[in-house]
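Structure assessment
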Amino acid sequence: MTTLNDIAAACNVSRTTVSRVLSQDPEFSVSDQTRELVLATAKAMNYDMNQKRRTPGPKEAKDSSNQRDASALKVGILNCELKLFGTATNDYYNTIFSGFMSGLRDMNLIPSMEFRYILKESYEELSGLDALIILGKLRLNPYHPLVHKIKYKMILDYTAPDYQFDSILPDFDQVIQMAIQYFHSNGHRDIGYIGSLDRILQFSFSNKEEKLDSRHLAFQNYCLQNGIDPKNRIWLADSFAPEDGYAITNRLITEKKLPPALLYGSDGLAMGAYKAFQEHDIKIGEDVSIVGIDSMPFSGFLNPPLTTIALNPQLLGRAAAYALVSQFEQHRDYPLTIHPPLKMVVRNSCKKLL
């Protein structure tokens, strides 16, 4: 049986927060995103909202369970790290999942669904599912008998293997084009890119495959099309996290390789870069111009606020909910690739050249 502690651990919040959100305490103040996450996760983990008030008798519980099993659409949730919302760095996937559950709730579909977290990294755990929702960069065999048997499938934030089922993800080619066009509109032509490798989890194996990230490839194509040597304008950090953004930016400053304009593959990388620039007394928006990707909540509170490209993870999740419905209600039997709209969020981290 799911406990309040289980939900708290999954959402990376306190047990008290979970308890007061689930009890609908009118005096408890919490962000809409946190409230949505707690409610969605409680539902996804099959938490009994009434278990504190009344414990059903054995026969009633058995009858209720049998009725739910017979009628509910069984939906598996498979996260790229095999543990949903385990760390604070997963805010992006928190928002995607929240949007997904919000979309289902708006269509009043959650009561007719039974959710199951897929955590054991085994194809056998996929047995009996009607639908499979994959969150993040994960590769599994679409032709495995247990995968093939699942009628409704989609992957969020990555491309489905062999395009065998729905893919809902940002269009990173367009992201890079938007960033470059923005730099050009401000007079910048000498632009560098700092990103990281994609690390793709292999389902049923413990290893991860490393490959070039789509942001990297798009920027590399821009360089090649414009006679620029990518080796002199692309640098790879160990991850997209702030500490790696700090490390690689600090190295570029020390080695005097810093270009006047930099595109960071994530807002996290850019946040780490702020610390490196401050330590070297380099003024962002004056001495160096930078743009991030993600539009994470903290990006507007940096000094100066970070210009970034919003990927709309909430809308990505909602689009996935509607795509799922089109599969089982409208009997759509062909895969779609869906790109949510992007938005350039202009702030003060990029200087306009005269």
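First, a word on what this report is: a plain description of the structure on this page. What you are looking at is a predicted structure, and each value in this text was computed from that prediction instead of being measured. (Residues numbered from 1 in each chain as written. Predicted model: local features only at pLDDT ≥ 70, side-chain atom pairs only at ≥ 80, totals over all residues. Heavy atoms only, no water.)

Here we come to the overall build of the protein. Assigned secondary structure in the protein consists of eleven helices and 15 strands. Considering only contacts within the protein whose residues lie at least 6 apart along the sequence, 69% involve residues at least 24 apart. Split by element, the accessible area of the protein, about 17300 Å² in all, is 50% carbon and sulfur. (Helix = DSSP H or I, 4+ residues; strand = E, 2+ residues; numbered from the N terminus. Contact = heavy atoms within 4.5 Å. Areas by Shrake-Rupley, 256 points an atom, 1.4 Å probe, with all protein chains shown as cover.)

We now examine the pattern of salt bridges. Summed over the entire model, instances satisfying the criterion amount to 13 salt bridges. Put simply, D213 and R215 hold a salt bridge, and the shortest N to O gap is 2.8 Å. Residue classification places D213 among the buried residues on the basis of a relative accessible area of 1%. The partner of K283 in a salt bridge is D281, and the shortest N-O contact between them spans 3.9 Å. Each of the salt bridges in this network shares a partner with another, and the network as a whole consists of K137, D198, D213 and R215. (Salt bridge = Lys/Arg side-chain N within 4 Å of Asp/Glu carboxyl O. Buried < 20%, exposed > 50% of the residue type's maximum accessible area, 1.4 Å probe, protein only.)

Below, the discussion takes up the side chain of S289. When you line up the elements, S289 lands in strand 12 (residues 289-294). Of note is the side chain of S289, whose polar atom sits 2.7 Å from the backbone nitrogen of K351. (Polar contact = N/O pair within 3.5 Å; in protein donor to acceptor, adjacent residues only side chain to side chain.)

Let us now look at the nonpolar core. A general feature of soluble globular proteins is that nonpolar side chains tend to end up buried together. Grouped together as the largest cluster of nonpolar side chains are 68 residues, with contacts concentrated most on F100, L104, F219 and L324. Membership of the second largest hydrophobic core comes to 20 residues, among which are W235, A237, F277 and L302. (Core = buried A, V, L, I, M, F, W, Y, C linked by side-chain atoms within 4.5 Å.)

Spanning twelve residues, helix 8 (residues 214-225) covers 16 Å between terminal C-alpha atoms, matching the ideal 16 Å at 1.5 Å per step. Buried within helix 8 are the following residues: R215, H216, A218, F219, Y222 and C223. Within helix 8, the buried residues cover an arc of 165° as seen down the axis, which keeps them to one side. Among the exposed residues of helix 8, those pointing more than 90 degrees away from its buried face are L224 and Q225. Packing partners of the buried residues in helix 8 comprise helix 7 (172-185), strand 7 (191-195), strand 9 (208-212), strand 10 (234-236), strand 11 (261-264) and strand 12. Positive backbone phi, approximately 65°, marks G227, located one or two places after helix 8. (Expected span 1.5 Å × (residues − 1). Arc of directions from axis to C-beta.)

With that settled, the discussion passes to helix 11 (residues 313-328). With 16 residues, helix 11 ought to run about 22 Å at 1.5 Å a step, and its terminal C-alpha atoms sit 23 Å apart, in line with that. Among the residues of helix 11, P313, L316, G317, A319, A320, A321, A323, L324, V325, S326, Q327 and F328 are the ones counted as buried.

Note: strands within a sheet are paired through backbone hydrogen bonds, in either parallel or antiparallel orientation. The parallel open sheet is built from six strands, whose spatial order is 2-1-3-5-6-14. The open sheet has two edge strands, strand 2 (113-117) and strand 14 (337-338), and neither has a second partner. As judged from the five bridges shared by strand 1 (residues 73-79) and strand 3 (residues 131-135), these two strands associate in the parallel manner. Considered in strand 3, the bridge of I77 is made with I133. Along the sheet, helix 5 (residues 91-106) makes contact with strand 1, strand 2, strand 3 and strand 5 (152-156), crossing strand 2 at roughly 165°. Running at roughly 165° to strand 5, helix 11 makes contact with strand 1, strand 2, strand 3, strand 5, strand 6 (166-168) and strand 14 of the sheet. (Pairing = 2+ DSSP bridges. Axes fitted to C-alpha atoms, helices over the stretch in contact; angles between N-to-C directions.)

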